Amino acid sequence: MGNSYAGQLKTTRFEEVLHNSIEASLRSNNLVPRPIFSQLYLEAEQQLSSLEGSRADNEEEEEEEEEEEGSESSSPPVSYQVKPPPEGCCTTDGFCQAGKDLRLVSISNEHIEVPSGFLLVGAKSPNLPDHLLVCAVDKRFLPDDNGRNALLGFSGNCVGCGKKGFCYFTEFSNHINLKLTTQPKKQKHLKYYLVRNAQGALTKGSVICWKGAEFRGRQSSTSTCSSTLFQLPESSGLSGSTSSEPLPPANPSAPAGTQQTAAAVDHIPSTAAFSSAVYNGKESPKQQLMKNNLSALTRPSVLGTLTNSGPPKKRHKGWSPESPSSTETWNLQLNPQASNRIKNDGGSLSSLPHSALVGPVSSPMVGSGEPVSVPDNLLKICKAKPVIFKGHGNFPYLCGNINDVIVSPLLYTCYRNSQSLSRAYEQYGASTIQPISEEMQLLLTVYYLVQLAADQVPLIEDLEQIFMRSWRESHLSEIRQYQQAVPQAFPQVPSQITPVTSAQLPWLAGLAASSCNDSVHIIECSYSLAEGLSEMFKLLMEGKLIKTNYVVIICASRNRAIDSCIVITGKYQARVLSESMLSPSDYQKEVNYQLVTGKVETLGSFFSTLCPEGDIDLLLEKFYQENQGHISSSLSASVNKPTAVNGAGTAVCTSYEIERHQIRPFQLAVAQKLLSHICSIADSSTQNLDLGSFEKIDFLICVPPSEVTYQQTLFHLWHSGILLELGLEKEHLTKQRVEQYVMKLDAEAQIKFKIFLQNSMQNPHTLFVLIHDHAHWDLMSAMHSLYPQTELSTGLVDRLLNCREVKEAPNIVTLHVTSFPYALQTQHTHISPYNEIHWPSSYSNGVDLYHENKKYFGLSEFIDSTLSGHSIPLLRYDSSFEAMVMALGKRFPRLHSAVIRTFVLIQHYSAAMMAVCGLSQMKNYTSVETLEITQNLINSSRQCPSGHGLMVVLRIPSIPLAAVAYERLYNVRERLALEDNFEIILGNPNSGITIGKHFVEQLKIWQKIEDVDWRPQTYLELEGLPCILIFSGMDPQGESLPRSLRYCDLRLINSSSLVRTSLEQELGLAAYFVSSEIHTEKAVVNDVLESDPEKLSSTDNEDEEITTEGSTSEKRSPMKRERSCSHDSASSSLSSKASTFCTESSPPQALSNSTEETTNNYERQKQKVDKGAQTTISKHLPPVTEQLDMKQNIKSTQVSITSSSSPPFSSSSSSSAPTHNSFILQTSQCSMTKASKQPPIVFLPKLVYDIITSTDSSGLPKSSSLLPYHSVMWASSFRPLMSKMMTCTEQSLYYRQWTVPKPIHMDYNNRNEGRMDTFHPRRLLLSGPPQIGKTGAYLQFLSILSRMLIRLTEVDVYDEEEININTKEESDQYYHQPGDMWPDLESFKKMPFDYTIHDPKYEDASLICSKLQTRDSEDRSMSRRQEDMYTCRQTTRMRLSKYAAYNTYHHCEQCHQYMGFNPRYQIYESTLHAFAFSYSMLGEEIQLHFIIPKSKEHHFVFSQPGRQLESMRLPLVTDKSEDYIKSPTFTPTTGRHEHGLFNLYHAMDGASHLHVLVVKEYEMAIYKKYWPNHIMLVLPSIFNSAGVGAAHFLIKELSYHNLELERNRQEELGIKPQDIWPFIVISDDSCVMWNAVEVDCSGDRKSDYTWTERNVSLKQILQHIEATPNVTHYALIGMRKWSSKTNSAEIKEPFSCCHVHDFLMLNVDLTQNVQYNQNRFTCDDVDFNLRVHSAGLLICRFNHFNVMKKQIAIGGQRSFHIKSKVSDTPVSISPAQYICAPDSKHTFLAAPAQLLLEKYLQYHSHRFFPLSLKNYSHPVLSVDCYLNLGPQIAVCYVSSRPHSLNISSSGLTFSGLLLYLCDSFVVANFLKKFHFLKGATLCVICQDRNSLRQTVVRLELEDEWQFRLRDEFQTANAKEDRPLFFLTGRHI
């Protein structure tokens, strides 16, 4: 069973449990038996009877094999023609032709009459995989218990309709509708006996034991386990060998998934290894040969590979994603070894298929032909269990001592899979391409085995690649042909390579094997494999295969297919392969079992015989007794002394510092990437995340159930300050409060998680971030963790993080954080590839992207260190240790190698400690590497005045073995009196850290901690503590190690069963940051390499810093690998490649302390210091000291050395070497500090070292191509290789295409038939190398996300003081009281109009003179360029109120309907309506278009028959309603479809209102897309390039025309025309909030008042203004612009008669004859205000209301870019180039003429009006228009209209005259009323040159003005763009 080791438990308890289980399953209707072998081990009984008894387990599928013979032979199977059923009969599966139900589930409780002599049996239909059909069959035609004596033929009855006398099974199978595609045979389809259970219900009984058919031994899978259990009593407890081969289903006609007995073997992906973990550092010659030909194949898509039409290939048919049985039966575990083979975390089974195998139930392979007897004592003689890999064809029975062999199906599966490779080419129509032949497969296998070195293990991945390349080579031309041509029905295309025949095969194989020195032995047999196996066993027993690692047995004959198998007989290879078949949990159980049963005691007794001086324990005891008196004082002096010294105030090591929380550039970059992904989710149109609706952040961090990781996360969280920053906690945080935000995924997690979910439901406006740290840790499906034998915590992640509440909550974002994301990147992943964030690389094209003062050392850097020839590698293996382990493995073949390795290593550490303490003879019993570690550990604390030391991590995955190691090392340390020198810590994931009181006190002193009860809770807090940390637990769970880590000893990691994640996370323990200022790429000349042991005595400090000059490489290589003991010349080879365990050469000198040696050594060291002080020592001094004079520096250093050079130890023969030189560098650096400046040294098992350091053809480490994770498997063996050049994103896409989760994986059920909606929209994945700072990055992400949410609720609004305040008249007269709510019409009429512009946006505009002004000549120079205007204007941050206007990014539930996301109104439900009216000024009819959503049609009137748009409804002046705004709002906009503030739902406080967006024709579609529920007014196309003036002009004209239509319409209803509401609102698209000033006049005097400002809704303001008395008498009503600097004087007068801007109510009735200028781009509102005032109309500004304008950086007037018409290249064009002389060769510009004119005048009007520059008392006279002439020129506006209001111009002398497109109202006499300075200038602007001349003549300008030909200009437009023309002249 599994790995059935001899001597396993066989107890009465087992039999009792087994018996009860069988009885329970017999009584149960459920097919799932209770797993009973979880904790029980069964001793195998080596009797043939057990084999016979348990054969029945495999009988279920025996007969199906016949069907496979056809498909596996060269000819295709003959399809079976079913006779058509009689007409009218029933053909439904599960029913007979008479229509009666035969399914067991349906009729199990019915009474069925069974004639005597008949039995009820269950037949299996290929179309009903989950059902048995009940049949009555004469038992004479059924076999007996031994599978014999069944009569030929058939006799049966139908139990449904009762029809009797079926004499042929073919006839019977037709009647019961089996619908077979192959010849019906009773042996294939009659499967089970049916029996009545205790309740009388019919249930499935034992398997019918057919024996006649030949079949290719395979084993049944999980779904047959109930029948397996029935056989248990007979088989004496499953005494089969350790075969792990399952049976394939054999029904090619059945659709995928129909076989409940889903056979693992048929689709174990091709990466299932001989040992998939075991990579050999070398490549086969064949591989290298073929690599060149591996052209870039078009990558077949997964769907393309798996879902082609036609019957599925057999490797796929055992499981279908939809098959319920495959999920049900997956996790049934019958025995401990097989239990987790299902889970498949093991290496060689690492890619077991979906259908689980129940493992080695009985015979190793269900065989055929004569049985082969396995000889007794095979294991004893061979020292290893041979592993037999079944190859092609039939495999014989094994009987006898079958416990001593292991049979595996992996090679068989590889052969099968590689024969289906051509399937990937079916998309090209290449069905005629033949797969690689069986003969060729076997020959290539032999070639591969021949080239393997003695220490290499065969690897299925290598073999698969060989097959694939070979196949592609032989079919390259066909593949290309099919890729290029249209597929047609080609005849069979013969392969270009002459095929190997079965007759040639043995000869060719023997020829290949002849060159390998007996490593591969070929056995040829003529009849069957049985004779070959028997011969092989005979040779093994005779000892003739001692040198042979592989035996290939071939049975080839001309007339049938070949049979073959490969036997691994090499002791090393067989052990590795057999152990690789254990899953991690089996591995643990096996180790526990060996410890519990005392099997390891033989190992201990063997060790004691090794030491010639006697037992090590006796030596230790003797040493302890001899030295008890004084050793403690001498050894602890170094530790105890510094404390005393500290008190005395002398030198203390100052290098100790715990790093505080700080954010590195990398972490900030990653946090920002995370934030941008969150924003992109929110920005997408899917509405999956509404960031605008969240006000704050909350979070929960989930960590694995490791106490250290939990405390570490709490520590990071505490020091990050994030809780205070997010406002989640107040000051004075307590640890209990912090613990609420971190959840350990253990039994208590559910309570904390429930609280988290409740909080998320109760706080919909809080965004909850669920952070799943170390996310690869538990990916077990919750369904599969329900079985009793699994741990309670497994499946917890799935239960909690994948629960419905988390998935559906719109305010929970899940962030998975891991260093090993591969298992979350499968075909069924929940995480979209767009939501993956990978840690950025630090270099791009050689450029350092993020300058950091630390350099990260991860896996790739460690690997690089092994490639550098100038330094000693950081990754090493210990060859003498490996040799010892291998030797002991042969001596103790029954012990697991993990046990052996652990005991050897404990022995090495014990011996090394003894050697360092003076027992020099013990050096021979340890390895050089272990001695190095131990010496440096023990000496480290002595080299620092404060006692800082190094950490050594000893990784022991098995917790019981770790406990054994801890106990042993602890005892040795006590005996050697080293208990105060260094600590030994047992790190168990389930418990905290326990260290001695003495060391706790030291840590408290170093870290300046005063808390009496303080204890270290994380490994990081052990900084500087000299210790051995025994790190246990199957997997690291995210624990970080301190910077004092110097050695990472991974020699005991489970190297036989590795996947990529396991391997990388073990190496991740050593990941490290080093200071990047130190460059040690090239060692200096005196660097000592290990190959020169003589030089090793040059210094005793292994860690001495090596100084390199001029090295700029960022890669750090390790320091010199020197020994701590100066006298250890180590005449044994010190190379890490040393091949012997013990040196036979003379032992090194004992560690003496003779004064002579000490002195010499000290002198040598002193000289070295003197020479190297400049380089070595100065480097270690504090920075301040470095600035001193160098001589003084050296001198002071020597002084301190001398002062500390007195011997620190008392003289004693046994004291450790008095290495005074270890104190020489004391002042500069302690060992810990040096350790923190260089990455740790990592020791690996040789096997793992080879995997890590070998690369494939692309340079990719082979470890990267391992299966990524235990619970996933490859989707296809036909997949491209990964490439070294792949980025993290490409790797992710690779795994997403080529891996699928197993049923035990939590993502297994996340499928949706290929649709994309399997991705969860709010789930992200952050991956980055281990220990790189991901925790800091995601905490920083929370911080900036919180800031962004606050930022989302804030806007930048313009905050500027009003301009030109000093020109206001300071009048004592006030027309209204400060508290007046509305203006009094009569009082208001008396108010003078204030011509001056006060709006700060017009700071750069010309001042308007209202009377003779003696204005200060202040310099209003152009303080800023036009493009700077928006960036320079002053803004302030404001929190959005509940009455704000929003852009398209705001989504809240209340305004979904308003925005058109209501399902009642589909987005496309809007109609386009034309609306035409004539306008005389334009001389043509204007046609506008309205886009009116269905939901807004009630605002309009349509004609009844044709639904033509007639008018927009207007209310009455007298209407009053609280929930209604009377004035339609028009918002002209351009370029701001996303950013315009058009969502007025909240601003209007939900009130009904009519809002119209006025857009240009070319922007109609984009605005409609973003604002589907808004009414659009689309301007005619002629206005596409027009400015805002055109929009205002058309809004006003349309509104007036509509007013007329409404008056006419409502007049018919009896309503007076003057009663129709005449106002409209014209609003900018950047008005965000509105405020009202409340004035309190309750003071004693009338003039006293106080005021407050508050945010109010737009509804309140508009309703207030609409309620103004006599409101229809006002032409324009506006409000102030908000400013934080508003003073009381500005609002003392509540109403002003002045300019209004941005947001105004326009009376279209009163202003009928005043138009906006449709040509204007800028200042059109000022121009219009002046026209309205001159027409004698009232303009009122409510000073108690103000509007806030948001700064929007895009769109609006900035959307006009002036560029050259000739070239598209963007060249900046200065405003001076906007005009030119007519008929010149000037470059024409692509811009409207009016825009060029306005811009030119704004910046260069001084060229036209030189006298006017800064001459504010002599303004330019501007007739009928206001144009901005720049801030340095003042203008005076006059209207030429009769009866207009103009300022008194008497006494004013003008410096210029501007006539802009003047109409017929301007006449000569009008102009003659004004006076001009001599030399004043005139500028006349007209549409064309002709008009220019006519105007000059008509206005008699030549009488007073002098013109020259050269004074004529035009805007720089081409003729077709209708330029404007200017004429300038001088006043005579």
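Basis of the calculations
- Residues numbered from 1 in each chain as written.
- Predicted model: local features only at pLDDT ≥ 70, side-chain atom pairs only at ≥ 80, totals over all residues.
- Heavy atoms only, no water.
- Helix = DSSP H or I, 4+ residues; strand = E, 2+ residues; numbered from the N terminus.
- Expected span 1.5 Å × (residues − 1).
- Buried < 20%, exposed > 50% of the residue type's maximum accessible area, 1.4 Å probe, protein only.
- Core = buried A, V, L, I, M, F, W, Y, C linked by side-chain atoms within 4.5 Å.
- Contact = heavy atoms within 4.5 Å.
- Pairing = 2+ DSSP bridges.
- Axes fitted to C-alpha atoms, helices over the stretch in contact; angles between N-to-C directions.
- Phe/Tyr/Trp six-rings, centres within 6.5 Å; stacked < 30°, edge-to-face > 60°.
- Lys NZ or Arg CZ within 6 Å of the ring centre and 35° of its normal.
- Salt bridge = Lys/Arg side-chain N within 4 Å of Asp/Glu carboxyl O.
- Parallel < 35°, antiparallel > 145°, perpendicular 65-115°, else oblique.
- Left-handed = near helix turned anticlockwise from the far one by under 90°.
- Nonpolar A, V, L, I, M, F, W, Y, C, P; charged D, E, K, R; others polar.
- Patch = residues over 30% accessible without salt bridge, like charges linked within 9 Å, V, L, I, M, F, W, Y side chains within 5 Å.
- Areas by Shrake-Rupley, 256 points an atom, 1.4 Å probe, with all protein chains shown as cover.
- Lys, Arg positive; Asp, Glu negative; His and termini not counted.
- Charge placed at Lys NZ, Arg CZ, Asp CG, Glu CD.
- pLDDT = per-residue confidence, 0-100.
- Polar contact = N/O pair within 3.5 Å; in protein donor to acceptor, adjacent residues only side chain to side chain.

**Here we look at helix H17 (residues 460–474)**
Between its first and last C-alpha atoms H17 spans 21 Å; for 15 residues at 1.5 Å apiece the expected length is 21 Å, and the two agree. Counting buried positions over the 15 residues of H17 gives 14, a clear majority of the element.

**Brief notes about the nonpolar core**
Residues Phe-1490, Trp-1634 and Leu-1859 are the most contacted members of the largest nonpolar core, which totals 168 residues. Among the elements that take part in this core, helix H51 (residues 1588–1611) stands out by supplying eight residues, more than any other. What Leu-1859 contacts, discounting residues up to four positions off in sequence, is Val-1823, Leu-1871, Leu-1882, Cys-1883, Val-1884, Ile-1885, Leu-1899 and Leu-1901. Within the second largest apolar cluster, 104 residues are counted, among which are Phe-862, Val-885, Leu-895 and Val-1248.

**Description of the sheet that holds strand E2 (residues 132–138)**
Backbone hydrogen bonds are what pair the strands of a sheet, in a parallel or an antiparallel way. Taken in spatial order, the five strands line up as E3-E2-E1-E4-E5 in an open sheet, and their pairing is antiparallel. Edge strands, defined here as strands with exactly one partner in the open sheet, are strand E3 (156–158) and strand E5 (202–207). For this sheet the average axis-to-axis angle between neighbouring strands, irrespective of direction, equals 45 degrees. Both E2 and E3 contribute to a ladder of three bridges, which runs antiparallel. Across the sheet, Ala-136 pairs through a bridge with Asn-157, a residue of E3.

**A word on unusual backbone geometry**
Phi at Lys-383 takes a positive value of approximately 65 degrees, unusual for a residue other than glycine. At Arg-1507, a position not held by glycine, the phi torsion is positive, near 50 degrees. Along the chain, Arg-1507 falls in the loop between strand E36 (1500–1502) and strand E37 (1509–1512). According to the relative accessible area criterion, Arg-1507 is partly exposed, its value standing at 42%.

**Overview of the sheet that holds strand E12 (residues 560–568)**
Pairing within the open sheet is mixed, and its five strands lie in the order E9-E7-E12-E11-E10. Of all the strands in the sheet, just strand E9 (406–408) and strand E10 (520–525) have a single pairing partner and so form its edges. Here the average twist between neighbouring strands, direction ignored, is 20 degrees. Where E10 and strand E11 (residues 550–557) come together, six bridges link them in parallel fashion. Opposite Ile-523, over in E11, you have Ile-553 as the bridge partner. Along the sheet, helix H15 (residues 410–419) makes contact with strand E7 (387–390), E9 and E12, crossing E7 at roughly 25 degrees.

**Concerning the packing of aromatic side chains**
For the structure on display, the rule yields 40 aromatic pairs. Arranged with centres 5.9 Å apart and planes meeting at 75 degrees, the rings of Phe-606 and Phe-892 form a pair that is edge-to-face. With a gap of 286 residues between them, Phe-606 in helix H23 (residues 601–610) and Phe-892 in the loop between helix H34 (879–891) and helix H35 (897–916) connect regions that are remote in the sequence. Considered together, Phe-606 and Phe-892 belong to a single accessibility category, that of buried residues. Plain terms: the ring middles of Phe-753 and Phe-756 are 5.8 Å apart, the flat faces sit at 35 degrees to each other, and that makes the pair tilted. With Phe-753 and Phe-756 both in helix H30 (residues 749–762) and three residues apart, this pair spans about one turn of that helix. Summarising the burial analysis for this pair, Phe-753 and Phe-756 share the class buried. Sitting over the ring of Tyr-1358, Arg-1433 keeps its end group 3.9 Å from the ring centre.

**Overview of the pattern of salt bridges**
Enumeration over the complete set of coordinates arrives at 57 salt bridges. Its salt-bridge partner being Glu-808, residue Arg-804 comes within 3.3 Å of it at the nearest N-O pair. Of this pair, Arg-804 and Glu-808 both sit in helix H32 (residues 804–808), four residues apart, roughly one helical turn. When the shortest N-O distance is used, the salt bridge between Asp-1049 and Arg-1051 registers 2.7 Å. A relative accessible area of 0% places Asp-1049 in the buried class. One network of salt bridges, in which partners are shared, links Asp-1399, Lys-1401, Asp-1628, Lys-1681, Asp-1702 and Lys-1749.

**Side note on the packing of H35 against helix H37 (residues 959–975)**
Between H35 and H37, the shortest axis-to-axis distance is 10 Å and the interhelical angle comes to 15 degrees. Classified by the angle between their axes, H35 and H37 sit roughly parallel to one another. Between H35 and H37 lies a crossing whose hand is right-handed. In this structure, H35 contributes Ala-898, Val-899, Thr-902, Phe-903, Ile-906, Tyr-909, Ser-910 and Met-913 to the contact, and H37 contributes Leu-961, Val-964, Ala-965, Arg-968, Leu-969 and Val-972. Counted by class, the contact of H35 with H37 contains eleven nonpolar, two polar and one charged residues.

**Observations regarding the environment of Ser-865**
Relative to the helices and strands, Ser-865 is located in helix H33 (residues 859–867). Relative accessible area serves as the criterion here: at 3%, Ser-865 is assigned to the buried category. Spatially, the C-alpha atom of Ser-865 lies 7.4 Å from that of Leu-875, the residues being ten residues apart in sequence.

**Some thoughts on a positive patch on the surface**
On the surface, Lys-380, Lys-383, Arg-891 and Arg-894 cluster together into a patch of positive charge. Inspection of the secondary structure assignment puts Arg-891 in helix H34.

**A closer look at the confidence of the model for the chain**
Reading predicted coordinates in detail is not appropriate for stretches of low pLDDT. Averaged over all residues, the pLDDT of the chain equals 77, while 72% of them reach at least 70. Under a pLDDT of 50 for its full length, residues 29–77 has, in the predicted model, 160 contacts with residues more than four places off or in other chains.

**Description of the side chain of Asn-1310**
Examined against the element boundaries, Asn-1310 turns out to sit in the loop between strand E29 (1299–1301) and strand E30 (1323–1327). A polar contact is formed between the side chain of Asn-1310 and the backbone oxygen of Thr-1318, at a distance of 3.3 Å. Look past the residues within four positions of Asn-1310 in its chain and what remains in contact with it is His-828, Thr-829, His-830 and Thr-1318.

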